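What follows is each chain in one-letter form.
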Amino acid sequence: MTADRKHGRSAPPTTTTVRSADWDGRELTQETYHQVLFVDVDMTELTSTGCVFEECTFSDVRFNVSVHEDAMFLNCTFSRCSFFDTTFKGCKLTGSMFDGCSYGLLKVEGGDWSFTGLPGADLRGSAFHGVRLREADLSGARLEKAEVLRSDLSGAWLNGADLTGCDLRGSDLSDLDPSTVTLKKAIIDAFQATVVATALGFDVRA
């Protein structure tokens, strides 16, 4: 059972199982799944629109090149899943936990990822644009050369995160502790530069 170490939440119980199914290229619209365990399911190039997955567990599921729009993954657990070139548009993933997953070229556009658990996630080259990431656990995450633009990172856990070359322009960095992250060559705007300088103890004056 996977546990969210930040919020002390364990993976919810499941009542139904979908195992070793081929959902490659499938189109899902307005479908609802509650407490379903998905094991070794191929969801490559799947599209979901307006679907709801609540308290579901995904184990060894392949989401590669899939597109999810206005979908909800609420309090779900993703274990050893692959998200290569996966796109989430306007989706809500609040309270979901990711463990041992791969994310190459993950794209997230808008939506609410608050309280998600992504500790140690390798998010190099991923893109988060206009995403709500309030109190998300990104401790130890690798975000080198990623894009986290115009996103709400207030209260997010970034301890030990590597933000080398990460484009952070327009994002809320008010709770960032520069002494606990790697910021080499990170891209920030003028306002963020003042925030970071203040956090480092500088006396910023006009």
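Before going into details, it helps to say that this report is about the structure given with it. (Residues numbered from 1 in each chain as written. Predicted model: local features only at pLDDT ≥ 70, side-chain atom pairs only at ≥ 80, totals over all residues. Heavy atoms only, no water.)

Let's talk about the pairing of strand β6 (residues 36–39)
Working step 1: Burial of the side chains of β6 extends over both faces: V36 and F38 are buried on one face and L37 and V39 on the other.
Working step 2: In this sheet, strand β9 (residues 57–59) lies alongside β6 in parallel orientation, the contact comprising three bridges. Residue L37 lies in a different strand from β9, and its bridge partner there is T57. (Buried < 20%, exposed > 50% of the residue type's maximum accessible area, 1.4 Å probe, protein only. Helix = DSSP H or I, 4+ residues; strand = E, 2+ residues; numbered from the N terminus. Pairing = 2+ DSSP bridges.)

Quick look at the sheet that holds strand β17 (residues 147–149)
Working step 1: Reading across from one edge, β4-β7-β10-β13-β15-β16-β17 is the order of the seven strands in this open sheet, with parallel pairing throughout. Unpaired on one side and paired on the other, β4 (27–29) and β17 mark the two borders of the sheet. Averaged over all neighbouring strand pairs, the angle between strand axes comes to 5°, with direction disregarded.
Working step 2: The pairing of strand β7 (residues 47–49) with strand β10 (residues 67–69) spans three bridges and is classified as parallel. From the neighbouring strand, S48 faces β10, where its bridge partner is H68. (Axes fitted to C-alpha atoms, helices over the stretch in contact; angles between N-to-C directions.)

Describing the environment of E55
Working step 1: The residue E55 is located in the loop between β8 (52–54) and β9 in this model.
Working step 2: On the accessibility criterion, E55 (23% relative accessible area) is partly exposed.
Working step 3: Sequence separation of E55 and C76 is 21 residues, and the distance between their C-alpha atoms is 4.6 Å.
Working step 4: Once residues lying within four places of it in the same chain are set aside, the contact partners of E55 are P12, P13, T14, H34, Q35, V36, L74, N75 and C76.
Working step 5: Engagement of the side chain of E55 in a polar contact is seen with the side chain of Q35, the distance being 2.9 Å. (Contact = heavy atoms within 4.5 Å. Polar contact = N/O pair within 3.5 Å; in protein donor to acceptor, adjacent residues only side chain to side chain.)

A closer look at the layout of surface pockets
Working step 1: Computed from the structure, the largest pocket encloses a volume of approximately 160 Å³.
Working step 2: Taken together, the residues of the lining of the largest pocket sort by class into seven nonpolar, three polar and three charged. (1 Å grid on protein atoms, 1.4 Å probe; cavity = no way out; pocket = protein on both sides within 12 Å on 5 of 7 lines; lining within 4 Å. Points joined across faces, edges and corners; volume = space filled by probe spheres on them. Nonpolar A, V, L, I, M, F, W, Y, C, P; charged D, E, K, R; others polar.)

Quick word on empty space enclosed by the protein
The gaps left among the atoms become clear once a water-sized probe is rolled over them.
Working step 1: Per the stated rule, a full pass over the model turns up one cavity of 30 Å³ or more.
Working step 2: Counted as a void, the largest cavity has a volume near 80 Å³.
Working step 3: Around the largest cavity, the lining residues are F128, L133, L138, L143, V148, L153, L158, L163, L168, L173 and L176.

As for the pattern of salt bridges
Working step 1: With the rule as written, the count across this model stands at nine salt bridges.
Working step 2: Across the pair D60 and R80 runs a salt bridge whose closest N-O atoms are separated by 3.0 Å. Here D60 is found in the loop between β9 and β10, whereas its partner R80 is found in the loop between β12 (77–79) and β13 (87–89), with 20 residues between them in sequence.
Working step 3: Note on D60: relative accessible area 29%, which makes it partly exposed.
Working step 4: By relative accessible area, R80 is classed as partly exposed at 47%.
Working step 5: It is possible to trace a salt-bridge network through shared partners that takes in D40, D42 and R62. (Salt bridge = Lys/Arg side-chain N within 4 Å of Asp/Glu carboxyl O.)

These values are about where atoms sit, not about what they do.
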